[in-house]
Amino acid sequence: MTVKNAELKITAGLVNQFPYDGKAQVAFSGRSNVGKSSLINTLMGRKSLARVSSAPGKTITINFYEINKEFYLVDMPGYGYAKRSPEQKKQWSALTDGYYTKDGSHGKLKVVAQLVDLKAGATNDDLMMMEWLSQSGLDWFIVATKADKLNKTERAKALAALSELVDGVDIIPYSSLNGEGKNDVWNRIGAALAEN
């Protein structure tokens, strides 16, 4: 996909701030520090449109990036950040739960890219999210980030372990350093958008 135009359209801290303009949406989910901002920046061909938080887990907003004035890449707030207060955890749940309902995304959510750190492997929070996605009826796939940090043997082992957890779900190894997987991620997104 050629990104001619990419801009941050909405930063939503409340459910009623989500866009209601009928455009398709592609959500990016993952734990704090898994590389979501780096992935989104790489996909958009920008260096720093998606902000990398200096304090992981600090920001609890959903960012809507409009691509080519046609659809949104939706950056979900990271989960699994241990230092969040009970109040922040409650805010995170209300925002994300609100988005994933048909009302929140207005039925326009086409696919979810679930990010998992290939080197670290799936955390308990990742497993819970993948379990939820499996039961949600939503279209989703896995982006295995930081793939460049493993040698060939480690990588094959990590990918095999991941595919055992999610039988039949597409897994795309990805590296923001060398761009590996970028075209595959776009192809998967394009396929989901085409199913309109």
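Because the structure is predicted, anything quoted here is derived from the model rather than measured.

K.L.:
Before we go on, may I ask you to explain the overall build of the protein in this structure?
P.N.:
Across its full length, the protein carries 5 helices and 7 strands. Relative to the 2.2 N^0.38 estimate, which gives 16 Å for 196 residues, the radius of gyration of the protein is 16 Å and therefore close to what a compact globule would have. With respect to the principal axes defined by its C-alpha atoms, the protein has extents near 45 × 40 × 35 Å. The long-range share in the protein, meaning contacts at least 24 apart out of those at least 6 apart in sequence, stands at 73%. For the protein, the exposed area adds up to about 10100 Å²; of that, 49% sits on carbon and sulfur atoms. Here the protein holds 25 positive side-chain charges and 21 negative ones, and the gap between their average locations is 7 Å.

K.L.:
Any chance you could explain the pairing of strand S5 (residues 109-117) here in plain terms?
P.N.:
If a strand is regular, its side chains alternate between the two faces of the sheet. With respect to burial, S5 is a largely interior element, 9 of its 9 residues being buried. Taken together, the 5 bridges between strand S2 (residues 24-29) and S5 define a ladder with parallel strand orientation. Bridging across to S5, Phe28 finds its partner in Ala113. Relative to strand S6 (residues 140-145), S5 runs parallel, the two sharing 6 bridges. Residue pairing across strands places Leu115 opposite Val143, the latter belonging to S6. Each parallel crossover has a hand, and the one from S5 via helix H3 (residues 124-136) to S6 is right-handed.

K.L.:
Mind showing me how you'd approach the sheet that holds strand S3 (residues 62-67) here?
P.N.:
Backbone hydrogen bonds hold the strands of a sheet together, and the pairing may be parallel or antiparallel. With mixed pairing, the 7 strands of this open sheet are ordered in space as S1-S3-S4-S2-S5-S6-S7. Unpaired on one side and paired on the other, strand S1 (6-12) and strand S7 (171-173) mark the two borders of the sheet. Between one strand and the next, the sheet's axes are offset by a mean angle of 25 degrees, whatever the strand orientation. One ladder, built from 6 bridges, connects S1 with S3; its direction is antiparallel. Of the residues in S3, the one forming a bridge with Glu7 is Glu66. Packing against the sheet, H3 makes contact with S2, S5 and S6, and its axis sits at approximately 155 degrees to S5.

Cut-offs applied
- All residue numbers here refer to positions counted from 1 along the written sequence of the relevant chain.
- Since the coordinates come from a predicted model, pLDDT governs what is reported: local features require at least 70, and pairs of side-chain atoms require 80 or more to be given and counted, while whole-chain, interface and lining totals use all residues.
- As a convention, hydrogens and water are excluded, and side-chain values are obtained from all of the structure's heavy atoms.
- Numbered from the N terminus, helices here are DSSP runs of H or I no shorter than four residues, and strands are runs of E no shorter than two.
- Radius of gyration here uses only the C-alpha atoms, and the compact-globule reference equals 2.2 Å multiplied by the residue count raised to the power 0.38.
- Throughout, a contact is declared for two residues whenever any of their heavy atoms are within 4.5 Å.
- Per-residue and other accessible areas follow the Shrake-Rupley method at a 1.4 Å probe size, with only the shown protein chains counted as cover for residues.
- Under this rule, positive means Lys or Arg and negative means Asp or Glu; His and the chain ends count for nothing.
- In plain terms, the charge of a residue is placed at NZ if it is Lys, CZ if Arg, CG if Asp and CD if Glu.
- Exposure classes here rest on a 1.4 Å probe applied to the protein chains alone. A residue is buried below 20% of its type maximum, exposed above 50%, and partly exposed in between.
- By this definition, two strands are paired if DSSP reports at least two bridges between them.
- Looking down the strands as they point away from you, a crossover is right-handed if its path from the first strand over the helix to the second goes clockwise.
- Fitting a line to C-alpha atoms yields each axis, with helices limited to the stretch in contact; the angle taken between N-to-C directions then spans 0 to 180 degrees.

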